[in-house]
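Structure assessment
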Amino acid sequence: MSALSVRQVRFRYLTLYGLRWLPAGLMIPVMILLMQERGLSLTQIGLVGTAQGLIVLALELPTGGLADALGRKPVLVAAWVVCLASLAIFAVADSFWLFFLSWALQGVYRALDSGPLESWYVDATLAADPKAEYEPGLGHAGTVIGIAIGAGALLSGGLVALGPVGPVSALTLPVLVAIALQAVALIVLLMLLVEIRPAKGAGALRASMVEAPRMVGQAVGLLRRSRVLLALVCVELFWGFGMVTFESLLPVRLAEVVGNADRAAALLGPASSVAWLANAAGAALTPLLLRRLGAAPSAALLRILQGVTVVGMGVFAGPVGVLIAYLACYTVHGASNPLHMGLLHRQVDGPYRTSVISLNSMMAQPAGALGGLVLTTLADRSSVSTAMFVGAVVLALAAPLYLPAWRAGRAGTAAADGPVTGLPTGPDDTLAGPGPVVPPPAGDAVGTPARAR
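Overview of the structure.

What counts and what doesn't
Residues numbered from 1 in each chain as written. Predicted model: local features only at pLDDT ≥ 70, side-chain atom pairs only at ≥ 80, totals over all residues. Heavy atoms only, no water. Salt bridge = Lys/Arg side-chain N within 4 Å of Asp/Glu carboxyl O. Helix = DSSP H or I, 4+ residues; strand = E, 2+ residues; numbered from the N terminus. Buried < 20%, exposed > 50% of the residue type's maximum accessible area, 1.4 Å probe, protein only. Expected span 1.5 Å × (residues − 1). Phe/Tyr/Trp six-rings, centres within 6.5 Å; stacked < 30°, edge-to-face > 60°. Lys NZ or Arg CZ within 6 Å of the ring centre and 35° of its normal. Patch = residues over 30% accessible without salt bridge, like charges linked within 9 Å, V, L, I, M, F, W, Y side chains within 5 Å. Areas by Shrake-Rupley, 256 points an atom, 1.4 Å probe, with all protein chains shown as cover. Contact = heavy atoms within 4.5 Å. Polar contact = N/O pair within 3.5 Å; in protein donor to acceptor, adjacent residues only side chain to side chain.

1. Considering the pattern of salt bridges
Tallied over the full model, the rule gives three salt bridges. Two residues, D113 and R20, come together in a salt bridge whose shortest N-O distance is 3.0 Å. Separated by 93 residues along the polypeptide, D113 in helix α5 (residues 96-113) and R20 in helix α1 (residues 6-27) bring together distant segments of the chain. Of the residues examined, R20 reaches a relative accessible area of 6% and is grouped as buried. The closest approach of N and O atoms between R253 and E256, which form a salt bridge, is 2.7 Å. Pair noted here: R253 and E256 are both in helix α11 (residues 244-258), with a separation of three residues, about one helical turn. Residue R253 is classed as buried on the basis of its relative accessible area, which comes to 6%.

Structure below.
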């Protein structure tokens, strides 16, 4: 890693980060609608989504420990290969069980992909220059993800608007393009990501698999020593449940008010593009929020505001109102993601960074699976608007969990005690403080990011 300069590391990180999310942007507008087109009910779609949640729940921490022990590049390569296989199955799936298999593979991908690229960037930057500031690159990634997903969503909407091509339906076209882009991303990953590891081969793999449980145990042990970190991680439980509203239910809600699934998908393409640009604009507001309110109070306020925007998506009667609320939701989301991840990053240092990111991300998976099942069933049996209202309430309920970080930040103890390193550091609640502007970690489902959502 030290052979690269700080500028080269940042360029490669942002390039790979953009390529990682471009296929996701293509999938977002059509993912749910395509499953409906092929015969799945909303309840079945919710059940399919549980496959990812359960797999990630089982693998998130072990794969995070594996990335810390073995190296980030081999884990990332494996992740992107699995994603390619999942997208290929999704393109041809025509039954509940094939979609279930596709999402289960997405769960494997999601677990493997959670954190290694970001951790590589931080470690490679410090290897190039121990005094270098890595926060600007992490902040730029928030803009990159907005542009990449926005461009992918815009392309997706254009492909849908072109209509079917031969036997390929309009909603399937973006999936095929996403497969091609994922293959390109994998090739570029192999070329650009340079990592120096102490050992390679089968022996290194066996040693890393033995070491991974210890890394996981150390990461979990951090929660016992810091109520601040525990509360931040628990935010994901509410976030994971509530995000089903604007990830899975919004396309259905838009189709409901428009009256046509293809037209809704065509509208959602450019709308998603603008939404991710709004997400990037929200991220750009983070420094202002840090100066005016502080990280923890701002994050808590934004949790409540996001719930309000989701209520708007559920109650507005026309497509214009629904889409305005959708854009507002993503603006709030873009501002809240860096605040949350900044607070989280301040709680950990040393060799456990990927494991802690995985631990944070893991918490959203069972909650997201439960939310997908509960809210889609509620939408089927009651209405999409009712399901969105319930999800909005759950999103807002995460706000009080930022109180420990706020109290510790007011006490000014973060600067004195420093980040968690996996070793005992003293009393609880002495580990918080305003964090740097950082982007969300890895992705979620076939086309949506976990914290970039």
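2. As for helix α6 (residues 116-128)
Taking 1.5 Å of rise per residue, the 13 residues of α6 would be expected to cover 18 Å, and the 18 Å separating its terminal C-alpha atoms lies within 8% of that figure. If you check which residues of α6 are buried, you get P116, L117, E118, S119, W120, Y121, V122, A124 and T125.

3. Side note on the packing of aromatic side chains
Here the structure, examined in full by the defined rule, presents 10 aromatic pairs. Measuring from ring centre to ring centre gives 5.1 Å for Y326 and Y330, while their planes differ by 65°; the resulting arrangement is edge-to-face. Remark: Y330 and Y326 occur in helix α15 (residues 319-345); sequence separation between them is four residues, near one turn of the helix. When sorted by exposure, Y326 lands in the same class as Y330, which is buried. The ring of W21 has R20 sitting right over it, with the charged end atom 3.5 Å from the ring centre. Its end group placed over the ring of W239, R303 keeps NZ or CZ at 4.0 Å from the ring centre.

4. A word on a nonpolar patch on the surface
A cluster of nonpolar side chains, L47, L370, L373 and V374, forms an exposed patch at the surface whose accessible area comes to about 280 Å². Top element by residues in the nonpolar patch is helix α16 (residues 353-381). It accounts for three residues. Mapped onto the fold, L373 is located in helix α16.

5. Observations concerning the environment of L22
Tracing the sequence through the fold places L22 in helix α1. Using a relative accessible area of 22% as the deciding quantity, one classes L22 as partly exposed. The sequence separation of L22 and A178 amounts to 156 residues, and the corresponding C-alpha distance is 7.8 Å. Those residues within four positions of L22 in sequence are excluded, and the remaining contacts are A148, A151, G152 and L181.

6. Brief notes about the environment of N260
Along the polypeptide, N260 turns up in the loop between α11 and α12 (261-284). Of note is the side chain of N260, whose polar atom sits 2.7 Å from the backbone nitrogen of R263.

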